[in-house]
Structures are given as structure tokens and as C-alpha cells.
Amino acid sequence: MRKQIQSLVTHKSTLLTAAALLVASVLFAQDIHYSQYWNAPYNINPALTGVFRGNTRFSANYRNQWSSVPVEYMTFTGAVDHKFPVRGDRNGFFAGGFNFNYDQAGLSRLHLATLGLNGSYTHKLSQSTFATIGALASFNQRGFKIQDLTFDNQYNEPRGQFDATFGNGENFPNFTRIYADFGTGLNIRIQNPTAFDVVEEQANRSRIDFGAGLYHFSRPDQSFIKDKKSALLMRLSPYAIGVLMLNKDFDLVGGLSAQFQGPYREFVGMLGGKAHFNTDRNKEFAMQLGVGYRFHELSDAIIPGIELHYKQWQAGFTYDINISPFNVATNRRGGPEFSLRYIIVKVPVLSPFKVCPLI
């Protein structure tokens, strides 16, 4: 990224700016990511499309990071997916959906807007095992603004300060870039074999999903500079997310997600417990408490969180407590993250074939 100079006079302010620019340069080529990765399935694997109990799922995610420094990061995701049973196919179903992502970072307002179409097919391998293959095609717009940026040419060296009347000396031919992108993935679901009956879903909650998504395999060009190509690095995102039912009223929940994109590495783990206060059909109420930990080359954040589940609704909140060297600027304040989900469950019509639902 081009060098930026902030007109700040105190040592603390200069330190904040330097740290912010360092992080911005490190994260420039990385994809968006959520601490609640289990509640943002489209961003870790398109094969998780349709892998839920019900017919139609609406979901939203919002993340605000580092608001305590001048270069806060904001990310939003909205998505919907729906199952399409195939008459005569007793061992599987198709699913499809749309998702929208918007991410904005830093003083440059570097942003990425994506509109994606997901599709998947789930096939029953055994009474307790399902395999899902998925694909993603998206339309993307990346851009930035320079109104709030400062440049080295605007530094008045004799006076030792920034001068806004100086020209920035830069010539940006493009402020936006539009490109298509593609991804694919595979998910394996293992669940209790007696969980096929809708009536028994609360009595057999144990399950595990594991797999991996592969994004940007077409390596789209995201450069803003003419005749200088900058191919977007492919991203591999393996994960495992599970629920272990300990008794009628309590589950152990956990997961691990990894992101590999060129030289960048990120790992997020989560462990928690989920208490069920009511398991009656259409009266379900549960609360989940957990803590996560994210690290890459260095320790990054501790992530406590809470989720509430009521009937077909789910709402989650986590907060990143920054423990990386960047905490000199953030004072350990990483940022809040919210998730919201609603699932439509239709009463199945009696027919000569049976669709295998997932819990």
C-alpha cells in the first residue's frame, strides 16, 4: 500500500497511526473473516449451503473492529438459502441461496462488496453420514477513497509538519475494480442415526460437520493500476464444528476453523456449553456460553461469547479482547460481533418418498 503520513504531534498519536497502517498493510490481501465462523457458513465453505434443520434459512452477521483507533474495520453479511427436495430421490436434496458481503477498512475506506450465488447437493452415504458438495459464483466490486489519506509529498519538511495545500503527487487511474470470482467445497456431516425423525431432533443433538472450502481458484485480478496485475490469492478454509449431547438439558459445543491464503495463516478455536431450558417442540429455548481464541503468527484475541436460541430464532454476540502487539493502540479493545438467524420449518406433506433432513 502507498505510504501514508498522519499529521499528529503526540508520541501516542504517532504510535496509533503507525500501528494502524501496519495492520492495514498486513490485512490488505486477506478475505473477510468472522470470530463466529460457525454462524457465517458461506464464508468458510459453500458446501454448508442447505446443511441445517428446516427448509429456509435467513442469516445476518455484523462485525466492527478496532473502533478505538483511526482505522476501524466494518464487515456485514446477509444471506438466505433454501432446500429443494428431488421427487424420487430418497438419499439427497439440492439447496441454493444468495449472500451479500460488504467490508470496509481504514482511512482509505478500502471496501469490498460481493453478491454471490451458492448451490449444493447433499447425499446420504449411510444412516448417519451425509456428504455435501457446493459451489459459489460471485460478482465483486473493490474500491477505495483518498479524501482522508495523507501522503509523503504533503509533508512540509522545512516546517516539520503536514500541509494539506501540497499536492499528493499521486495519480490513481482507477478507484474501483469489478471482477467475477468462484469457489467450491466439500462438507461431511455425521449425526446420530436416530435423528432422522423430526420429533426426535431434541433427543439426539450430537453431530459434527467437517470439511473445507476453496475460494478464488480462478485467481481474479484485483489491481487498481493499469497494466499491473494483482491476482487474488486462493484461500483454503478447513474446519470442524461439533455438538456433543451430554444429557437432556446440556450440550458441549466446539469447533476449529483455519484460513490459509498465500503467506497468511489464521486459526480460530471455540469451546462452550449450551443449556436447554425447554425442549418441547415449537417452545425450544436454550442459551450457549463459550470462549474462543484466535491466533496466526502471533496470539491475536480471546473471544468470549453468548448465544440465545428461541424456537426458530438464534442471536449471538461475541467480543474480541485483543492480546496481540497491536493492543498498544487498542487497549485490548478488539470489537463486537453480532449474528442473527431465522429458519422456516414447514410441516412435510405425506408422500411415497422421504427426504433426509439434517439437524
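Keep in mind that what you see is a predicted model, and the values were worked out from it rather than measured.

**Some words on the overall build of the chain**
Here's step 1: The number of helices and strands found in the chain is two helices and 16 strands.
Here's step 2: The buried share of the chain, taken over its 359 residues, is 47%.
Here's step 3: Across the chain, contacts joining residues at least 24 apart in sequence account for 60% of those joining residues at least 6 apart.
Here's step 4: Of the roughly 17,800 Å² of accessible surface on the chain, a fraction of 63% belongs to carbon and sulfur atoms.

**Comments concerning unusual backbone geometry**
Here's step 1: In the Ramachandran plot, His 216 falls in the positive-phi region, its phi being about 65° despite a non-glycine side chain.
Here's step 2: With respect to the secondary-structure elements, His 216 resides in the loop between β9 (207-215) and β10 (235-247).
Here's step 3: Its identity as a non-glycine residue notwithstanding, Asn 282 has a phi of 65°, on the positive side.
Here's step 4: Looking at the secondary structure, you find Asn 282 in the loop between β12 (264-278) and β13 (285-295).

**Topic: the pattern of salt bridges**
Here's step 1: Tallied over the full model, the rule gives 11 salt bridges.
Here's step 2: Asp 31 is the partner of Arg 235 in a salt bridge, and the nearest nitrogen-oxygen pair spans 2.5 Å. In this pair, Arg 235 is assigned in strand β10 and Asp 31 in the loop between α1 (11-27) and β1 (56-65), connecting sequence segments 204 residues apart. Considered together, Arg 235 and Asp 31 belong to a single accessibility category, that of buried residues.
Here's step 3: Residue Asp 320 pairs with Arg 63 through a salt bridge whose shortest N-O separation is 2.6 Å. Here the residue Asp 320 occupies a position in strand β15 (residues 313-322), and Arg 63 occupies one in strand β1, the gap between them amounting to 257 residues.

**Here we look at empty space enclosed by the protein**
The probe, sized like a water molecule, is rolled over the atoms to show the empty space still left.
Here's step 1: This structure, assessed with the given rule, holds six cavities of 30 Å³ or more.
Here's step 2: Quantified by volume, the second largest cavity comes out at close to 260 Å³.
Here's step 3: Elements with a contribution of two residues or more to the lining of the second largest cavity: β3 (92-105), β4 (110-124), β5 (129-143) and β8 (176-191).
Here's step 4: When its residues are assigned to classes, the lining of the second largest cavity shows eight nonpolar, eight polar and four charged.

**Focus: the pairing of β15**
Here's step 1: The two faces of β15 differ: Gln 314, Gly 316, Thr 318, Asp 320 and Asn 322 on one face are buried, but Trp 313, Ala 315, Phe 317, Tyr 319 and Ile 321 on the other face are not.
Here's step 2: In the sheet, strand β14 (residues 299-310) pairs with β15 via eight bridges, with the strands oriented antiparallel. Bridge pairing in β15 places Tyr 310 opposite Trp 313.
Here's step 3: Joining the antiparallel neighbours β14 and β15 is a turn of two residues, in which Lys 311 adopts a positive phi near 55°.

**Some remarks on the confidence of the model for the chain**
Here's step 1: The predicted model of the chain averages 81 in pLDDT, with 74% of residues at 70 or higher.
Here's step 2: Under a pLDDT of 50 for its full length, residues 1-29 has, in the predicted model, 44 contacts with residues more than four places off or in other chains.

**Quick look at the nonpolar core**
Here's step 1: Core analysis: the biggest nonpolar cluster contains 11 residues, these being Tyr 37, Ile 44, Leu 48, Val 51, Tyr 239, Val 243, Val 253, Val 268, Met 270, Ala 301 and Ile 303.
Here's step 2: The set of elements that each furnish at least two residues to this core consists of β10, β12 and β14.

**Here's the deal with the pairing of β13**
Here's step 1: The pairing of β12 with β13 spans 11 bridges and is classified as antiparallel. Within the sheet, the bridge partner assigned to Val 268 lies in β13 and is Arg 294.
Here's step 2: Joining the antiparallel neighbours β12 and β13 is a turn of six residues, in which Asn 282 adopts a positive phi near 65°.
Here's step 3: Bridge count between β13 and β14: 11 bridges; the pairing is antiparallel. Bridge pairing links Gly 290 to Gly 305 in β14.

Criteria and thresholds
- Residues numbered from 1 in each chain as written.
- Predicted model: local features only at pLDDT ≥ 70, side-chain atom pairs only at ≥ 80, totals over all residues.
- Heavy atoms only, no water.
- Helix = DSSP H or I, 4+ residues; strand = E, 2+ residues; numbered from the N terminus.
- Buried < 20%, exposed > 50% of the residue type's maximum accessible area, 1.4 Å probe, protein only.
- Contact = heavy atoms within 4.5 Å.
- Areas by Shrake-Rupley, 256 points an atom, 1.4 Å probe, with all protein chains shown as cover.
- Salt bridge = Lys/Arg side-chain N within 4 Å of Asp/Glu carboxyl O.
- 1 Å grid on protein atoms, 1.4 Å probe; cavity = no way out; pocket = protein on both sides within 12 Å on 5 of 7 lines; lining within 4 Å.
- Points joined across faces, edges and corners; volume = space filled by probe spheres on them.
- Nonpolar A, V, L, I, M, F, W, Y, C, P; charged D, E, K, R; others polar.
- Pairing = 2+ DSSP bridges.
- pLDDT = per-residue confidence, 0-100.
- Core = buried A, V, L, I, M, F, W, Y, C linked by side-chain atoms within 4.5 Å.

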